[in-house]
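# Examining the three-dimensional arrangement
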Amino acid sequence: MKVLLLGGTGEARSLAQVLTSAGVEVVSSLAGRTTDARLPVGEVRSGGFGGVDGLVAWLRAHPVDAMIDATHPFAATMTAHSVAAAGQAGVPLLILRRPGWTAQAADRWHRADTIDAAAALLPTLGSRAFLTIGRQGLQAFATTGLWTLARCVDPPEPPPTWCTLILARGPFDVAGELDLMRQHRIDVLVTKDSGGDMTAAKLEAARRMDIPVVLIERPPLPADIPTAHTSAEVLAWLGDRPR
Ligand code: NAP
């Protein structure tokens, strides 16, 4: 059995390992925009496909038994393309998504539907913000009037002049997040509801500092496409597929 695994996440890397160990041939696909990306085991292709048509053409040129979309919960364009291309090429598609984060009793979380809504909310919540939303969407916070610390994996282009920027890649631990947030006297945190353990320490730090958190909601999952939360569920789904 051979699958195309759309990746760029820790889950996709783990899944590539699990599937390969189970004897499934995996081609992992990365967007190719992150410098120094951690590569999964097995074959890797890199770079965009060229929209839905490009992905359909790739699937026709490289027949696979199934496609697994294990991209980030906020990679909505790629997921819309995987759904459309799977339909056109007649390839079974499964989406692997980690669950979102869950608030604890004393948490002061404010959910925002969009990045713009999060930026509009911010001045009502604090004066020194920590943005952990990646480099895309950063510009929406340029005019909030808050002193801002932004953390990204790769440098935004052009470099923002209105905030203090740090470049770092998770996983992060609670002690480090507390140090960073106290050092910069952060009083409000902004994050996407990415879920997972790699970047959850900032939420614990915010909890201990008793500061509000703005959580940007995930884009909705496409209807009618099966979804898994774990590698085991993916294996079970593949096991049910005809070969
Ligand atoms: P996106 O906005 O949904 O996709 C933009 C374009 O990037 C897609 O149309 C596609 O180009 C290309 N692309 C995205 N993922 C790809 C993949 N796995 N293989 C080949 N091409 C891919 O994606 P994004 O939010 O920029 O994320 C890019 C990558 O970073 C994804 O792999 C995602 O899993 C990872 N990532 C994203 C976030 C986040 O917060 N968005 C966080 C961590 C990791 P074509 O149209 O040319 O095919």
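Each remark here, short or long, concerns the structure printed above.
Reference entry: report on the structure contained in this document. (Residues numbered from 1 in each chain as written. Predicted model: local features only at pLDDT ≥ 70, side-chain atom pairs only at ≥ 80, totals over all residues. Heavy atoms only, no water.)

Turning to helix α6 (residues 201-209), a few remarks are in order. Those residues of α6 lying buried are A201, K202, L203, A205 and A206. The inward-facing, buried residues of α6 abut β6 (109-112), β7 (128-132), β8 (147-152), α5 (174-183), β10 (188-192) and β11 (213-216). A positive backbone phi angle near 55° is found at D210, which sits one or two residues after α6. (Buried < 20%, exposed > 50% of the residue type's maximum accessible area, 1.4 Å probe, protein only. Helix = DSSP H or I, 4+ residues; strand = E, 2+ residues; numbered from the N terminus. Contact = heavy atoms within 4.5 Å.)

Counting across every chain of the model gives 10 salt bridges. For the salt bridge of R97 with D69, the shortest nitrogen-to-oxygen distance reads 3.8 Å. A residue pair is termed long-range when its members are at least 10 positions apart, and R97 in the loop between β5 (93-96) and β6 and D69 in strand β4 (residues 66-69) qualify at 28 residues. Grouping residues by exposure puts R97 and D69 together as buried. Linking E217 and R111 is a salt bridge whose minimum nitrogen-to-oxygen distance equals 3.4 Å. Note that E217 is positioned in the loop between β11 and β12 (227-228) and R111 in strand β6, a separation of 106 residues in sequence. Look at the salt bridges and you will find they share partners, linking D107, E204, R207 and R208 into a network. (Salt bridge = Lys/Arg side-chain N within 4 Å of Asp/Glu carboxyl O.)

Next up on the list: the sheet that holds β11. The 6 strands are arranged β6-β11-β10-β7-β8-β9 in an open sheet whose pairing can be described as parallel. The two strands at the open ends of the sheet, each matched to only one other strand, are β6 and β9 (164-167). With strand direction ignored, the average angle separating the axes of adjacent strands in the sheet is 20°. Relative to β8, β7 runs parallel, the two being bridged by 4 bridges. Along β8, the bridge assignment pairs F130 with L149. Across the sheet, α5 touches β7, β8 and β9, and the angle it forms with β8 is around 150°. Docked against the sheet, α6 engages β6, β7, β8, β10 and β11, running at close to 155° with respect to β10. (Pairing = 2+ DSSP bridges. Axes fitted to C-alpha atoms, helices over the stretch in contact; angles between N-to-C directions.)

To continue, consider the packing of α5 against α6. Working note: a packed helix pair is described by the angle between its axes plus the distance between those axes. Across the interface, α5 lies against α6 with an axial gap of 8 Å and an inter-helix angle of 55°. One element, α5, and the other, α6, form an angle in the oblique class. When the axes of α5 and α6 are compared, the crossing they make is right-handed. Here V174, E177, L178, M181 and R182 of α5 come into contact with α6, specifically with A201, K202, E204, A205, A206, R208 and M209. Across the contact of α5 with α6, the residue classes tally to 7 nonpolar, no polar and 5 charged. (Parallel < 35°, antiparallel > 145°, perpendicular 65-115°, else oblique. Left-handed = near helix turned anticlockwise from the far one by under 90°. Nonpolar A, V, L, I, M, F, W, Y, C, P; charged D, E, K, R; others polar.)

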